[in-house]
Amino acid sequence: MSARAFLAFLAVCALIGLLGFGLLSKGEAKIAVGDPAPDKELPMLGGPGQGSIADYRGRWLLVNLWASWCDPCRQEAPALDEFARRYRDRGITVLGINVQDNEDDALAFLRDYDVRYPQLRSVGDERSDAFGSTGVPENFLVDPKGRLALIWRGPVDREFLEQRVVPLVEGAQ
């Protein structure tokens with residue numbers, strides 16, 4: 001192997017190593033069940049005012065990080081909306097936080113999927129980073145005291161919500 005080919009090989013290996021490190025270290029904000037939920041005042045998506053996770057203290061809160069361009073987010077949206085409507089009188093609220101998106105696309109998504117639970121908007125990666133996000137969708141169950149009770153890095157469906165979220169809420173009451 002020539003010196004030039006060997007240097008090219010080393011450069012490719014270094015690039016692959018850097019990419020791998022970047023993927024592994026993304027979402028380095030280490031959060032765990034039992035930790036306080038990362039919170040910050042954010043603008044309401046499509047409306048005036050601000051909101052935060054603390055606004056729901058005293059209730060169970062399922063926080064969903066999502067983006068309009070995310071196919072799994074589209075698949076889970078109907079299940080989350082149905083869950084929000086069915087369990088709102090049982091002390092559970094779903095809160096969407098739109099991340100890594102533009103506002104017009106996010107609002108079109110909400111209209112297209114008839115999503116009616118409250119929505120906040122995070123500009124840039126700040127909320128994704130705070131939650132240690134590795135991608136969207138991700139879901140975080142927050143207990144009435146503001147602590148994380150479940151971290152799910154991926155989409156949810158009706159079965160997941162019934163089998164994993166509801167038992168945590170009902171078991172704590």
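Details of the structure are given in the entry above.
Only a predicted model underlies this, so the values are computations on that prediction, with no experimental measurement involved.

Participant: I tried to follow the pattern of salt bridges on my own but got confused; where do I start?
Facilitator: Pairing is possible between side chains that carry opposite charge, provided their charged atoms lie close to one another. Applying the stated rule across the entire model yields 11 salt bridges. A salt bridge links D81 to R85; the nearest nitrogen and oxygen atoms lie 3.1 Å apart. Here D81 and its partner R85 are both found in helix α2 (residues 71-87), four residues apart, which amounts to about one turn of the helix. Salt-bridge contacts for E126 lead to R127; the nearest nitrogen and oxygen are separated by 2.8 Å. A relative accessible area of 33% means that E126 is categorised as partly exposed. Residues joined in a network through salt bridges with shared partners are D81, R85, D114 and R116.

Participant: What should I look at first to understand the packing of aromatic side chains in this one?
Facilitator: Pairs of aromatic rings are described using the distance from one ring centre to the other and the angle between the two planes. Under the definition given, this model contains five aromatic pairs. Aromatic side chains F83 and Y87 sit 4.7 Å apart centroid to centroid with 35° between the ring planes, which places their arrangement in the tilted category. Taken as a pair, F83 and Y87 lie in helix α2 at a separation of four residues, close to a single helical turn. By the ring-pair criterion, three or more aromatic residues cluster together here, those being W66, F109 and Y113.

Participant: Can you walk me through the packing of α2 against helix α5 (residues 158-172) in this structure?
Facilitator: Angle between the axes and distance between the axes: these two values describe a pair of packed helices. Between α2 and α5, whose axes approach to 9 Å, the crossing angle comes to 45°. In terms of axis orientation, α2 runs oblique to α5. At the point where α2 passes α5, the crossing takes the right-handed sense. Between α2 and α5, the contacting residues are A79, L80, E82, F83, R86 and Y87 on the first element and R158, L161, E162, V165 and V166 on the second. Looking at the contact of α2 with α5 residue by residue, the classes come out as seven nonpolar, no polar and four charged.

Participant: Is there a simple way to think about the sheet that holds strand β4 (residues 92-98) in this case?
Facilitator: Consider a sheet: its strands pair through backbone hydrogen bonds, and that pairing is either parallel or antiparallel. In space, the five strands of this open sheet follow the order β5-β4-β3-β6-β7, with mixed pairing throughout. This sheet does not close on itself; its edge strands, each paired only once, are β5 (119-121) and β7 (148-152). Averaged over all adjacent pairs, the angle separating strand axes in this sheet is 20°, with direction ignored. Where strand β6 (residues 138-142) and β7 come together, four bridges link them in antiparallel fashion.

Scoring rules and cut-offs
- Residues numbered from 1 in each chain as written.
- Predicted model: local features only at pLDDT ≥ 70, side-chain atom pairs only at ≥ 80, totals over all residues.
- Heavy atoms only, no water.
- Salt bridge = Lys/Arg side-chain N within 4 Å of Asp/Glu carboxyl O.
- Helix = DSSP H or I, 4+ residues; strand = E, 2+ residues; numbered from the N terminus.
- Buried < 20%, exposed > 50% of the residue type's maximum accessible area, 1.4 Å probe, protein only.
- Phe/Tyr/Trp six-rings, centres within 6.5 Å; stacked < 30°, edge-to-face > 60°.
- Axes fitted to C-alpha atoms, helices over the stretch in contact; angles between N-to-C directions.
- Parallel < 35°, antiparallel > 145°, perpendicular 65-115°, else oblique.
- Left-handed = near helix turned anticlockwise from the far one by under 90°.
- Contact = heavy atoms within 4.5 Å.
- Nonpolar A, V, L, I, M, F, W, Y, C, P; charged D, E, K, R; others polar.
- Pairing = 2+ DSSP bridges.

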